[in-house]
Amino acid sequence: GAVVSQHPSRVICKSGTSVKIECRSLDFQATTMFWYRQFPKQSLMLMATSNEGSKATYEQGVEKDKFLINHASLTLSTLTVTSAHPEDSSFYICSARGIDILNEKLFFGSGTQLSVL
Amino acid sequence: EDKVVQSPLSLVVHEGDTVTLNCSYEVTNFRSLLWYKQEKKAPTFLFMLTSSGIEKKSGRLSSILDKKELFSILNITATQTGDSAVYLCAVEALGDYKLSFGAGTTVTVRA
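Being a predicted model, the structure only gives us computed values, none of them experimental. (Residues numbered from 1 in each chain as written. Chains lettered and ligands numbered in written order. Predicted model: local features only at pLDDT ≥ 70, side-chain atom pairs only at ≥ 80, totals over all residues. Heavy atoms only, no water.)

Draft legend 1. Main features of the overall build of chain A. Counting secondary structure elements, chain A contains 0 helices and 11 strands. Listed N to C, the secondary structure of chain A is β-β-β-β-β-β-β-β-β-β-β in terms of helices and strands. Taken over the C-alpha trace, chain A has a radius of gyration of 14 Å; the compact-globule value for 117 residues is 13 Å, and the two agree within 12%. With respect to the three principal axes, the spread of C-alpha positions in chain A is 40 × 25 × 20 Å. When burial is assessed residue by residue, chain A has 50% of its 117 residues classed as buried. Residue pairs at least 24 apart in sequence account for 55% of intrachain contacts in chain A once pairs closer than 6 positions are excluded. Only carbon and sulfur atoms are counted for the fraction: they give 51% of the accessible area of chain A, which is about 5,800 Å². Charge separation in chain A, taken as the distance between the mean sites of 11 positive and 10 negative side-chain charges, equals 6 Å. (Helix = DSSP H or I, 4+ residues; strand = E, 2+ residues; numbered from the N terminus. Rg over C-alpha atoms; globule rule 2.2 N^0.38 Å. Buried < 20%, exposed > 50% of the residue type's maximum accessible area, 1.4 Å probe, protein only. Contact = heavy atoms within 4.5 Å. Areas by Shrake-Rupley, 256 points an atom, 1.4 Å probe, with all protein chains shown as cover. Lys, Arg positive; Asp, Glu negative; His and termini not counted. Charge placed at Lys NZ, Arg CZ, Asp CG, Glu CD.)

Draft legend 2. Spotlight on the pattern of salt bridges. Residues and elements named next belong to chain B. Overall, the coordinates contain 6 salt bridges over all chains when judged by the stated rule. Here E92 ties to R31 by a salt bridge, and the two come within 3.0 Å at their closest N and O atoms. With E92 in strand β9 (residues 85–93) and R31 in strand β4 (residues 30–38), this pair connects stretches of sequence that are 61 residues apart. By the burial criterion, E92 is buried, and R31 matches it. E39 is the partner of K37 in a salt bridge, and the nearest nitrogen-oxygen pair spans 4.0 Å. Taking relative accessible area as the criterion, K37 reaches 14% and is therefore assigned buried. (Salt bridge = Lys/Arg side-chain N within 4 Å of Asp/Glu carboxyl O.)

Structure (structure tokens):
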């Protein structure tokens, strides 16, 4: 089945640094990728929708200058958390939808646990 | 704004029991309802429902959608400890493919 690879799986960083998270579709072309954030014991909250070759669409309340999204190719989207602060500590997870997939379901990456000290 | 409400928030059962999880929703231009199982990391896909009244089944899990009453249920029969997880319900709207997730139901199956 289709696989989405997300790296890194865990990041611990100091406050003020930037962190880049990669999301790759391994065996299909992903025209659209979604970035979610999940705080402990809460559900997944959509942050932004990323379309290849165009600017990401951010959900209300998500700072586009803080969470930079780049979807430069049909197999790669990146999320950069700029100047991370402790309140950005969360589980970030991507999902991808492909243009060649007949089965109508999204595929999720394995997630990235970000801890900002 | 799309809204997905799951109940109960959590439950504890013993192996062999049957559990029923509920998901009610409000969404503009409904496209589909999806169920996921989340253990420690990424959610894994269980079912996608688009039509009312048609039960989808996979082993001991089954699910059905009622588009008139705007809800879905997920049943797990003969539960096993490996069924312990958070079960997420999500709805998808036409056009943008975005998913709105419910808060999830935490199921704990005790041996």
